Amino acid sequence: MKKTTKKAFNVAIASVMAAGAVVAVAPQASAAKSFSDVPATNDHYADITKLVEAGHINGFEDGTYRPNVSVTRGQAAKIIANVLGLDTTNVKDVNFKDLQKSNIYYGPIAALAEAGIINGFEDNTYRPNGTLTRGQMAKIIALAFELKAGETVNPFTDSANSIYADSIVALFANEVTKGKTATSFAPNDAVTRGQLASFVIRANDVYTANKNIVETKATIKGIENGKVLVAGEELEVASNLTGFFAAKNADALKDAELTLVVEYTTAEVASVTPVAALVTGKIIGVKSAKFVAEGTTFDADGVEVPLVETAKGMTLQNLIAEELVIAGNVVLANVAAETVTITGDAKITIDKDTTITKLVIPAGKKIEDVIANYAEVKEQLAGVKVENAPAATTPPAAGGGGASGGGAGGDGSSSVNVDTLVDSVITKAVASYKTELSYVTVNFDANSNTITASVNTPSTKISDIRGDLLRISSTSNISLAGLIEDLSLTEVGTILSNVSTVTISAGTKSQAFPVSTYITGLNVNRSQVITDATAFINAAAPDVVDLEDFQEAFSNNITITVGSVPYKVVVE
């Protein structure tokens with residue numbers, strides 16, 4: 001049997017998982033907020049859209065973003081602090097004499113100062129309303145996203161003697177900027193709001209690729225010795241999240257569904273041949289939390305989580321949330337929430353330290369119907385904006401098919417369309433990586449629904465797997481739009497109606513992956529695909545060294561099911 005590595009299997013799985021993820025494009029593409037003055041033809045449209053989708057910017061009240069207007073130092077601080085995920089509420093006081101705590105940008109500026117990213121001017125001012133120059137921007141972004149110049153030579157003659165020269169070269173070396181021209185950076189020119197969006201997105205992409213940072217949805221299985229247990233992994237916890245994942249919260253976190261931001265590091269372990277790879281994951285952020293353990297108490301320790309869904313009978317303490325969805329009767333203690341949505345017959349009891357900006361309550365109810373201790377906190381809630389949720393409507397009953405003749409799954413067209421999509425993903429994606437993936441050739445046979453990965457270089461180290469694939473994923477420019485261009489709108493619609501998950505089965509282990517997890521705007525979240533595929537393989541066969549062992553362990557019993565269409569994976 002030909003000796004191979006796990007890398008080929010990762011590629012095969014990643015390709016088909018991407019195929020499954022691609023079908024979620026239609027409903028998500030229209031969900032992003034748009035600005036009246038940022039058409040799709042704008043040079044910065046894609047980057048502005050990414051910031052909007054991530055919740056980092058929301059523009060002005062008149063529905064504009066004003067991409068061509070110079071960005072102020074305060075506005076820039078807010079955008080960068082948001083992208084970095086800094087705590088802008090619990091900050092150390094800063095002593096800029098022109099910055100009062102009442103300033104809307106005080107929190108972000110203080111957070112950046114505390115992180116050592118900004119230090120203001122020599123006269124002890126920050127000048128939040130002043131225009132940000134390109135040189136200042138270069139220094140802030142280089143520090144914020146840890147960009148280094150390395151051995152790169154400064155190509156810009158107008159910034160060779162600038163105090164920002166090193167930072168400017170760092171941006172150039174990491175392809176965050178190309179300059180105004182090939183030899184000019186214009187460090188004293190103003191930065192526009194559109195330009196800043198693109199600078200920040202490019203810098204963050206580099207930072208994420210260098211740090212191997214991914215977002216992943218995980219079900220919490222337990223907390224032991226300061227580590228968080230999820231399926232197939234033990235994750236370390238960043239110092240600012242140790243309170244969030246403290247042992248006292250173990251009961252509340254049991255089986256909770258969290259969206260985690262995880263930083264992975266890889267190190268080779270010198271041992272008996274062959275050399276193994278030690279991959280360590282550390283949780284550095286939490287994007288959402290859905291609790292299921294009823295009657296528990298959870299202390300967030302002041303951590304900000306954009307979206308939180310409660311379980312019945314919970315007590316939530318010391319939490320900051322953008323959106324809080326309440327199920328059942330819940331107690332809130334020292335909670336700050338932008339929007340609290342009450343569902344069904346749920347009620348909340350709040351303490352004097354809880355603040356709510358907007359309260360969404362069921363149709364036909366009043367605020368006193370959903371606040372259990374309303375009489376005690378009536379004055380405290382005087383400024384809360386109260387909205388009634390739309391009344392629930394009963395969907396029309398499913399018909400007998402009429403002219404369409406039954407359901408979409410009855411004519412087999414979904415299978416043909418998924419085949420076309422899988423073929424498109426493998427043909428285009430693998431072709432684009434042909435040089436980087438010279439050690440493997442991947443082919444798809446639609447007649448037999450078989451994906452074949454032929455390994456060309458069996459000696460490839462396992463320790464290279466994760467780094468190679470994540471590096472490729474961070475630089476790929478393949479979009480969903482490009483992958484579905486071979487399909488008609490009718491075919492895409494058929495796939496959308498039939499595919500919601502991709503299921504991988506290897507031996508006795510099987511796991512379903514929701515396709516919506518792998519979509520960001522119009523791009524496949526390839527790093528997430530690779531991370532989840534790697535975690536599945538490690539869980540399915542933790543002791544195998546190469547794919548020869550893997551084949552012997554599973555007898556090629558590997559199937560990937562896209563929707564209801566199964567595909568066999570063969571590695572040779």
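**Some points on the environment of A363**
Among the secondary structure elements, A363 is positioned in the loop between β14 (355–361) and α10 (367–370). With a relative accessible area of 41%, A363 lands in the partly exposed category. Along the sequence, A363 and T343 sit 20 residues apart, while their C-alpha atoms lie 9.9 Å from each other.

**Focus on the pattern of salt bridges**
Close approach of charged atoms allows side chains of opposite charge to pair. Inspection of the entire model under this criterion finds 11 salt bridges. Each member of the salt-bridge network shares a partner with another, and the members are K358, K385 and E387.

**A closer look at the confidence of the model for the protein chain**
When pLDDT is averaged across the protein chain, the result is 78; 68% of the residues are at 70 or more. The low-confidence segment residues 397–413, where pLDDT is below 50, has seven contacts with residues more than four positions distant or belonging to other chains.

**Focus: the packing of helix α4 (residues 73–84) against helix α5 (residues 106–114)**
Following both chains from N to C, one finds α4 and α5 inclined at 65°, their axes separated by 8 Å at the closest point. For the element pair α4 and α5, the recorded crossing hand is left-handed. Contact with α4, carried on its side by G74, A77, K78, I80, A81 and L84, involves P108, I109 and L112 of α5 and no other residues of that element. Here the contact of α4 with α5 is composed, by residue class, of seven nonpolar, one polar and one charged.

**Quick look at the nonpolar core**
Core analysis: the biggest nonpolar cluster contains 54 residues, and M137, I141, F145, L147 and L196 have the highest contact counts within it. Among the elements of the structure, α3 (45–53), α4, α5, α6 (134–144), α7 (165–173) and α8 (193–211) are those that each provide at least two residues to this core. Looking at this core element by element, the count peaks at eight residues for α8. Setting aside residues no more than four positions away along its own chain, I141 makes contact with I80, E146, L147, L171, L196, F199, V200 and A203. With 53 residues, the next largest nonpolar core counts L235, V237, L324 and V340 among its residues.

**A few points about the packing of α4 against α8**
Relative placement of two packed helices is described by the angle separating their axes and the distance separating the axes. Packing of α4 against α8 brings their axes to within 11 Å, and their N-to-C directions diverge by 25°. As summarised for this structure, α4 and α8 are arranged roughly parallel, according to the angle between their axes. The handedness of the crossing between α4 and α8 comes out as right-handed. Here Q75, A76, I79, I80 and V83 of α4 lie close against α8, whose contacting residues are R193, L196, V200 and N204. Here the residues of the contact of α4 with α8 sort into six nonpolar, two polar and one charged.

**What to know about the pairing of strand β10 (residues 320–326)**
In terms of burial, β10 is a largely internal element, five of the seven residues being buried. In the sheet, strand β8 (residues 304–309) pairs with β10 via five bridges, with the strands oriented parallel. Bridge pairing in β10 places E304 opposite I320. Where β10 meets strand β12 (residues 336–342), six bridges bridge the pair, whose relative direction is parallel. Within the sheet, the bridge partner assigned to V325 lies in β12 and is T341.

**Describing the sheet that holds strand β7 (residues 297–299)**
Pairing is parallel across the open sheet formed by four strands, whose spatial order is β7-β9-β11-β13. With one partner strand each, in any of the chains shown, β7 and β13 (347–350) form the two edges of the open sheet. Across the sheet, the axes of successive neighbouring strands diverge by a mean angle of 15°, strand direction being ignored.

Definitions and limits used
Residues numbered from 1 in each chain as written. Predicted model: local features only at pLDDT ≥ 70, side-chain atom pairs only at ≥ 80, totals over all residues. Heavy atoms only, no water. Helix = DSSP H or I, 4+ residues; strand = E, 2+ residues; numbered from the N terminus. Buried < 20%, exposed > 50% of the residue type's maximum accessible area, 1.4 Å probe, protein only. Salt bridge = Lys/Arg side-chain N within 4 Å of Asp/Glu carboxyl O. pLDDT = per-residue confidence, 0-100. Contact = heavy atoms within 4.5 Å. Axes fitted to C-alpha atoms, helices over the stretch in contact; angles between N-to-C directions. Left-handed = near helix turned anticlockwise from the far one by under 90°. Nonpolar A, V, L, I, M, F, W, Y, C, P; charged D, E, K, R; others polar. Core = buried A, V, L, I, M, F, W, Y, C linked by side-chain atoms within 4.5 Å. Parallel < 35°, antiparallel > 145°, perpendicular 65-115°, else oblique. Pairing = 2+ DSSP bridges.

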